[in-house]
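Here is what each chain is made of, one letter per residue.
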Amino acid sequence: MLAPALAAPLTDTPGDPARGRAIVANRQVGLCLLCHSAPIPEERFQGDLAPSLAGAGSRNTADQLRERIIDSRKLNPQSIMPSYHRADGFSRVAPAQAGKTIFTAQQVEDVVAYLMTLK
Amino acid sequence: MSPATQAMQKDDTQNPAMLWVKDGEALWSKPAANGKSCASCHNDAPKSMKGIAATYPAFDTQSRRPIHLSERINLCRKNKQDASPLPPEHQDLLSMESYVALQSRGMSIAPHRDKRMSEFFTRGEKHYKQRIGQLDLSCAQCHDDNPGKRLAGTPIPQAHPTGYPIYRLEWQGMGSLQRRIRNCMSGVRAEPFAFNSTEMAELETYLASRAAGMAMDAPAVRP
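Keep in mind it's a predicted model, so treat the numbers as computed, not measured. Along each chain, numbering runs from 1 in the same order as the chain's sequence is written. For this description, chains carry letters from A and ligands carry numbers from 1, given in the order in which they are written. Note on the predicted model: pLDDT of at least 70 is required for a residue's local features to be given, and 80 or more for side-chain atom pairs to be given and counted; whole-chain, interface and lining totals, by contrast, use all residues. Think of the side-chain values as coming from all heavy atoms in the structure, minus any hydrogens and water.

## A short note on the interface of chain A and chain B
1) Next: Contact between two residues is taken to exist if any of their heavy atoms lie within 4.5 Å; hydrogens are not considered. Facing 28 residues of chain A, the contacting portion of chain B comprises 23 residues.
2) Next: By convention, the term buried area covers the 1.4 Å-probe accessible surface removed from two parts as they join, with the contributions of both added. Here chain A and chain B share an interface that buries about 2000 Å² over both sides, 52% of which is from carbon and sulfur atoms.
3) Next: Here a salt bridge means any side-chain nitrogen of Lys or Arg lying within 4 Å of a carboxyl oxygen belonging to Asp or Glu. Linking chain A with chain B are two salt bridges, by the criterion used here.
4) Next: Polar contact is defined as a pair of N or O atoms within 3.5 Å, subject to the rule that within protein one atom must be able to donate a hydrogen and the other to accept it, and that residues adjacent in sequence are counted only when both atoms are side-chain atoms. There are 13 residue pairs in polar contact (both at pLDDT 80 or more) connecting chain A and chain B.
5) Next: A helix here means a DSSP run of H or I that spans at least four residues, while a strand means a run of E at least two residues long, and both kinds are numbered starting from the N terminus. In terms of residue count, the dominant contributor to the side of chain A that touches chain B is helix α2 (residues 32-35) of chain A (three residues).

Listed below in structure tokens is the structure:
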């Protein structure tokens, strides 16, 4: 059997945009709003280190978004955006997070589904 | 920093850190069990300690590595006062450090241009540029590449160590530069350098050189 392409969905369960929105809004889980702004008006204090996520779903395909979230370093080795689904190649990771990815596969799918609603 | 925080720092009657300075001033002339106080050897701090904090971390000939001002204070406790060293972030230690740091206010950060320091500086620069933690970010990526931008609501400063120890509103108390750096390291989900480790002294040696010539404003107030 052929290995699935990197950007193919990671799970059989389709992503849930509502769960994805909650992940993006949460500063301990998604951390997205530390750097990005997004059309999530109830969250004040959004960052400006990165482009706004508004319109991300019209600028990108789902596969592109997935690739970006899994490992932004593949797209741009200098990127400051964390790699949300890569578990190796880090240094000095805190013991609590060692060997773990930031997102589970399902969380990646949920966030992709939410970003695809941002047209 | 917000105008309110700046005003708090500028006016010593409003700067909460001055409470620690007052304690430090009292501790300066308080004799240890062996009868010796800091003043027994150093007399008047405003004279003898003028500009000293601006030169730290400084090379220690015994351990052959750079040490923090707080480690220097502990060495004097141990070697001259026969007293036990105080643990990192102990209130008395922060008080004495604040009192000594105050004597460098307005003076330029002036790290020792000592040949023996250069390998520590070089390693400190490596630490500063090394991506660390699960978020895989280096100090440089925030503090050199993105100062002034907002990380969520917080403007990213340039990480100049001019004001330490600081009174931090979030801590509701005083803290050292080491504590501040450890916060940034846990923020990127890295295992922070241990207090008083050689790595921490290397990183601070690099920060001090990077800030050479900047005016000291310790003890400062931060949000």
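## Considerations on the packing of helix α2 (residues 17-28) of chain B against helix α6 (residues 91-102) of chain B
Residue and element names in this part refer to chain B.
1) Next: As a rule, the C-alpha atoms of each element are fitted with a line to give its axis, helices using only the stretch in contact, and angles between N-to-C directions run from 0 to 180 degrees. At their nearest, the axes of α2 and α6 sit 7 Å apart, and the two run at 95 degrees to each other. As judged from the angle between their axes, α2 and α6 are roughly perpendicular. In contact with Met-18, Trp-20, Val-21, Asp-23, Gly-24, Glu-25, Leu-27 and Trp-28 of α2, α6 contributes Gln-91, Asp-92, Leu-94, Ser-95, Met-96, Ser-98, Tyr-99, Val-100 and Leu-102. Here the word oblique covers every angle except those under 35 degrees (roughly parallel), over 145 (roughly antiparallel) and from 65 to 115 (roughly perpendicular).

## Description of the sheet that holds strand β5 (residues 166-168) of chain B
Residue and element names in this part refer to chain B.
1) Next: DSSP-based pairing: two strands are paired if at least 2 bridges between them are found. One open sheet holds the three strands; their spatial order is β6-β5-β7, and the pairing between them is mixed. Among the strands making up the open sheet, the edge pair consists of β6 (173-175) and β7 (220-222). Pairwise comparison of adjacent strand axes, ignoring direction, gives a mean angle of 35 degrees for this sheet.
2) Next: In this sheet, β7 lies alongside β5 in parallel orientation, the contact comprising three bridges. Bridge pairing links Ile-166 to Ala-220 in β7.

## Description of the environment of Arg21(A)
Residues and elements named next belong to chain A.
1) Next: Relative to the helices and strands, Arg-21 is located in helix α1 (residues 17-25).
2) Next: Sequence spacing of Arg-21 and Val-93 is 72 residues, and the spatial spacing of their C-alpha atoms is 27 Å.
3) Next: In this view, Arg-21 contacts Pro-39, Ile-40, Pro-41, Glu-42 and Tyr-114; residues no more than four positions away in its chain are not counted.
4) Next: A distance of 2.8 Å separates the side chain of Arg-21 from the side chain of Glu-42, its partner in a polar contact.

## Overview of the nonpolar core
If you look at soluble globular proteins, the nonpolar side chains tend to sit buried side by side.
1) Next: Judged by nonpolar contacts, the single largest core of 42 residues is most densely connected at Val24(A), Ile69(A), Phe103(A) and Leu115(A).
2) Next: Secondary-structure elements contributing two or more residues to this core are α1, α2, α4 (62-70) and α6 (105-116) of chain A together with α9 (177-187) and α10 (198-210) of chain B.
3) Next: Broken down by element, the residue count for this core peaks at five residues, all from α6(A).
4) Next: Residues in contact with Phe103(A), not counting those within four places in the same chain, are Ile23(A), Val29(A), Gly30(A), Ile69(A), Tyr84(A), His85(A), Val108(A) and Val111(A).
5) Next: Take the buried Ala, Val, Leu, Ile, Met, Phe, Trp, Tyr and Cys residues and link them wherever side-chain atoms come within 4.5 Å; each set so joined is a nonpolar core. Think of it in three bands: with a 1.4 Å probe and only protein chains considered, a residue is buried below 20% of the maximum accessible area for its type, exposed above 50%, and partly exposed in between. One finds Leu27(B), Ala54(B), Ile109(B) and Ala218(B) within the second-largest nonpolar core, a separate group that totals 27 residues.

## Quick look at the environment of Gln97(A)
1) Next: For Gln97(A), the location among the structural elements is in the loop between α5 (72-75) and α6.
2) Next: Excluding its chain neighbours within four sequence positions, the residues that come into contact with Gln97(A) are Gln134(B) and Arg189(B).

## Some remarks on the environment of Ala201(B)
All names here are of chain B.
1) Next: Mapped onto the elements, Ala-201 comes out in helix α10.
2) Next: Taking the relative accessible area as the measure of exposure, Ala-201 reaches 0% and is therefore buried.
3) Next: Those residues in contact with Ala-201, other than ones at most four positions away along the chain, are Pro-57, Arg-65, Pro-66 and His-68.

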